[in-house]
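One-letter residues, chain by chain:
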There are 2 protein chains.
Amino acid sequence: MAKPRAVLFDAYGTLFDVYSVGLRAEQLFPGRGARLAVLWRERQLDYSRLVTMSGDPARYRPFWELTERALRYAIQALVPQAAERWDDYAEAAASLMNQYRHLSSFPENREVLQALRAQGVTTGILSNGDPEMLGIALRSAGLDGLLDHVISADAARAYKVSPTLYALGEQATGLPRGQIVFVSSNAWDALGATWFGYQTLWVNRANLPFEQLDTQPTATGTHLRAVLDFF
Amino acid sequence: MAKPRAVLFDAYGTLFDVYSVGLRAEQLFPGRGARLAVLWRERQLDYSRLVTMSGDPARYRPFWELTERALRYAIQALVPQAAERWDDYAEAAASLMNQYRHLSSFPENREVLQALRAQGVTTGILSNGDPEMLGIALRSAGLDGLLDHVISADAARAYKVSPTLYALGEQATGLPRGQIVFVSSNAWDALGATWFGYQTLWVNRANLPFEQLDTQPTATGTHLRAVLDFF
């Protein structure tokens, strides 16, 4: 395989820990915080896929808005009376959305990005997130100066695993897909990027199986540092 | 709204109880049967969406095959050592797939289909399932004589909520979408069909919230009989 010249990272789950909202969720919904965090994440992805699959660009909504809707669903699924008394839950929802705005960043991010840049490798993010939420998350984590490109689904009005979105990585870097490594902790995202033609690293932090669809990522690691083995 | 002239039913979850595999799953994986059934169903839908969103028709696989892959994923996610020793789990997987072939049919199905036909309403299924699995499930439930159309994702090589699949309902019945009621227990499916332009009934058997994406189904009921209120 060609030696890659750029690395694009997924954001949510890969650089930022989407389950770091669990503690606050547990304070707000005792005994059900972990369940809420999982339901929320599932719905967030479902919604991104449903609006994209509808084939109607008018159904597109920024990821922040889908994340908010997904949270509303998750709370109402856990607490049936929340549907009729949403006002009583709006504050909890706002508090969780605020947590989501400032998700924990994985500790190795900075060191890995610095090492790549020291080798002259182009770096970027290619994410479902909209530009505003990505900007806040990156500044919050002190990573904004370490990325050459911040590529958002917003520019494609389509979410992963749409090839329209993955293609933005080629356009932004000016490199062919085979010379780009795409890194994700989300197996389905590493799968979609492999289908698209990127070299891929699946960061399997949770010791999960890969998706069983006859396609394997180029490499699998247990933390972000594994991307340095491509160089 | 125009009086509808046809009713198309979703199959899995709507006419057939996808969670009726839970008992066998519990026998095979004590204490984890319900979790397995949920993971399996989630992955089955994920896989259908991922192959469709890839935009490459060559990624399409029949629903039966995706269901099998999803089960393999679910078992490996619950039992990490199953990945390396799949042979030890292949029999359990085969047993669960066999259960899936003969899912329980909801008790009101027959009566509702008969009532619709007595009123001269065209009936059909519009499902992600492939023709073979749908045929077996319908015969197994004794419903095959009560449906004018069995419409499968296989003819579109695309899964819900792709408009290409929903459009097959218009083609099969020769009716415009506004004169067709689409019935689903899956909120996301009722949503997709509403987006497409069908009149829709969401059969909310589990007292769940609807998807929070600013679109409501035409009607909501707690069992299949609610479809008779359209006539």
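Refer to the structure above for everything that follows.
I will try to describe carefully the structure that is included in this document. (Residues numbered from 1 in each chain as written. Chains lettered and ligands numbered in written order. Predicted model: local features only at pLDDT ≥ 70, side-chain atom pairs only at ≥ 80, totals over all residues. Heavy atoms only, no water.)

Concerning the interface of chain B and chain A
One frequent convention defines the size of an interface as the accessible area lost when the parts assemble. In this assembly, 32 residues from chain B lie in contact with 32 residues from chain A. Buried area between chain B and chain A, summed over both chains or domains, comes out near 3,200 Å², and the portion from carbon and sulfur atoms is 60%. At the junction of chain B with chain A, the criterion picks out 6 salt bridges. With a closest N to O distance of 3.1 Å, Asp 46 of chain B and Arg 49 of chain A form a salt bridge. The interface formed by chain B and chain A includes 16 residue pairs in polar contact (both at pLDDT 80 or more). Every element with two or more residues in the side of chain B that touches chain A is listed here: α2 (33-53), α3 (63-78) and α8 (187-196) of chain B. Per-element accounting of the side of chain B that touches chain A gives the leading share, 9 residues, to α2 of chain B. (Contact = heavy atoms within 4.5 Å. Buried area = accessible area lost by both parts, 1.4 Å probe. Salt bridge = Lys/Arg side-chain N within 4 Å of Asp/Glu carboxyl O. Polar contact = N/O pair within 3.5 Å; in protein donor to acceptor, adjacent residues only side chain to side chain. Helix = DSSP H or I, 4+ residues; strand = E, 2+ residues; numbered from the N terminus.)

What about the sheet that holds strand β1 (residues 6-9) of chain A?
All names here are of chain A. One open sheet accounts for 6 strands, arranged β3-β2-β1-β4-β5-β6; its pairing is parallel. Pairing within the sheet leaves two strands with one partner each, and these edge strands are β3 (149-152) and β6 (219-221). Each neighbouring strand pair of the sheet contributes to a mean axis angle of 25°, computed without reference to strand direction. Inspection of the sheet shows strand β2 (residues 122-127) paired to β3 by 4 bridges, in the parallel sense. Note that in β3 the partner of Ser 127 across the bridge is Ser 152. Sitting on the sheet, helix α5 (residues 109-118) is in contact with β1 and β2, with an inclination near 160° to β1. Strands β4 (180-184) and β5 (199-203) of the sheet are contacted by helix α8 (residues 187-196), whose axis makes an angle of about 175° with β5. (Pairing = 2+ DSSP bridges. Axes fitted to C-alpha atoms, helices over the stretch in contact; angles between N-to-C directions.)

Digging into the sheet that holds strand β7 (residues 199-203) of chain B
Backbone-to-backbone hydrogen bonds pair the strands of a sheet. The strands run either parallel or antiparallel. Residues and elements named next belong to chain B. Sheet architecture is open: 6 strands sit in the order β5-β4-β1-β6-β7-β8, paired in parallel fashion. At either margin of the open sheet sits one strand with a lone partner, and together these are β5 (149-152) and β8 (219-221). Here the average twist between neighbouring strands, direction ignored, is 25°. Examined bridge by bridge, strand β1 (residues 6-9) and strand β4 (residues 122-127) share 4 bridges and lie parallel to one another. Across the sheet, residue Phe 9 finds its bridge partner in β4, namely Ile 125.

What about the packing of helix α2 (residues 33-53) of chain A against helix α3 (residues 63-78) of chain A?
When two helices pack together, their arrangement is given by the angle between the helix axes and by the axis-to-axis distance. Residue and element names in this part refer to chain A. Orientation of α2 relative to α3, taken along the N-to-C sense of each, is 130°, at an axis distance of 8 Å. Judged by the angle between their axes, α2 and α3 are oblique. In this structure, α2 meets α3 at a crossing whose hand is right-handed. Here Arg 35, Leu 36, Leu 39, Trp 40, Arg 43, Gln 44, Tyr 47, Ser 48 and Val 51 of α2 come into contact with α3, specifically with Phe 63, Leu 66, Thr 67, Arg 69, Ala 70, Leu 71, Tyr 73, Ala 74, Ile 75, Ala 77 and Leu 78. For the contact of α2 with α3, the residue count by class is 14 nonpolar, 3 polar and 3 charged. (Parallel < 35°, antiparallel > 145°, perpendicular 65-115°, else oblique. Left-handed = near helix turned anticlockwise from the far one by under 90°. Nonpolar A, V, L, I, M, F, W, Y, C, P; charged D, E, K, R; others polar.)

Some details on α2 of chain A
Residues and elements named next belong to chain A. The end-to-end C-alpha distance of α2 is 30 Å, a good match for the 30 Å that 21 residues give at a rise of 1.5 Å each. Among the 21 residues in α2, 17 count as buried, and that is most of the element. In the stretch just after α2, Gly 55 is the one whose phi turns positive, near 75°. (Expected span 1.5 Å × (residues − 1). Buried < 20%, exposed > 50% of the residue type's maximum accessible area, 1.4 Å probe, protein only.)

Regarding the packing of aromatic side chains
Counted by the stated rule, this structure contains 26 aromatic pairs over all chains. Ring plane angle 10° and centroid distance 6.4 Å describe the contact between Phe 29 of chain A and Tyr 89 of chain A, whose orientation is recorded as stacked. Separated by 60 residues along the polypeptide, Phe 29 of chain A in the loop between α1 (22-28) and α2 and Tyr 89 of chain A in the loop between α3 and α4 (90-101) bring together distant segments of the chain. Assessed through its relative accessible area of 6%, Phe 29 of chain A is described here as buried. By relative accessible area, which is 14% here, Tyr 89 of chain A ends up buried. Centroid distance Phe 63 of chain A to Tyr 159 of chain A: 5.6 Å. Interplanar angle 45°. Geometry classified as tilted. Taken together, the positions of Phe 63 of chain A in helix α3 and Tyr 159 of chain A in the loop between β3 and α7 (163-173) put the pair 96 residues apart, joining distant regions of the chain. Phe 63 of chain A gets classed as buried once you look at its relative accessible area, which sits at 1%. Here a set of aromatic residues connected by ring pairs shows up, and it is made of Tyr 12, Phe 16, Trp 40, Tyr 60, Phe 63, Tyr 100 and Tyr 159 of chain A. Taking the ring centre of Trp 188 of chain A as reference, the NZ or CZ of Arg 49 of chain A above it sits at 4.5 Å. Above the ring of Phe 106 of chain B, the side-chain terminus of Arg 205 of chain B is found at 3.6 Å from the ring centroid. (Phe/Tyr/Trp six-rings, centres within 6.5 Å; stacked < 30°, edge-to-face > 60°. Lys NZ or Arg CZ within 6 Å of the ring centre and 35° of its normal.)

Examining the nonpolar core
Phe 9, Tyr 12 and Val 227 of chain A together with Tyr 12 of chain B are the most contacted members of the largest nonpolar core, which has 172 residues in total. Not counting residues up to four positions away in its chain, the partners in contact with Val 227 of chain A are Val 7, Phe 9, Val 112, Leu 116, Val 181, Val 183 and Leu 201 of chain A. (Core = buried A, V, L, I, M, F, W, Y, C linked by side-chain atoms within 4.5 Å.)

A few points about the pattern of salt bridges
It is possible for side chains bearing opposite charge to pair when their charged atoms get close. All names here are of chain B. Taken as a whole, this structure holds 28 salt bridges over all chains when the rule is applied. One salt bridge connects Glu 108 with Arg 205, and the closest N-O pair in it is separated by 3.3 Å. With Glu 108 in the loop between β3 (104-105) and α5 (109-118) and Arg 205 in the loop between β7 and β8, the pair connects residues that are 97 residues apart, well separated along the chain. The exposure class assigned to Arg 205 is partly exposed, which follows from its relative accessible area of 29%. Notably, a salt bridge pairs Glu 170 with Arg 177, separated by 3.0 Å at the nearest N-O pair.

Considerations on the side chain of Ser 185 of chain B
Residue and element names in this part refer to chain B. Inspection of the secondary structure assignment puts Ser 185 in the loop between β6 (180-184) and α8. A residue is classified by how much of its surface remains accessible, and Ser 185, at 17% relative accessible area, is buried. Discounting residues that sit within four places of it in the chain, Ser 185 has contacts with Gly 13, Thr 14, Trp 202, Val 203 and Arg 205.

Quick notes on unusual backbone geometry
Following Lys 160 of chain A, the chain continues into Val 161 of chain A via a peptide bond in cis, with omega recorded as 10°. Its place among the elements puts Val 161 of chain A in the loop between β3 and α7. The backbone phi angle of Asp 214 of chain A is positive, close to 70°, even though this residue is not glycine. Structurally, Asp 214 of chain A can be placed in the loop between β5 and β6. Look at Asn 207 of chain B: it is not a glycine, yet its phi comes out positive at around 55°. For Asn 207 of chain B, a relative accessible area of 59% corresponds to the exposed category.

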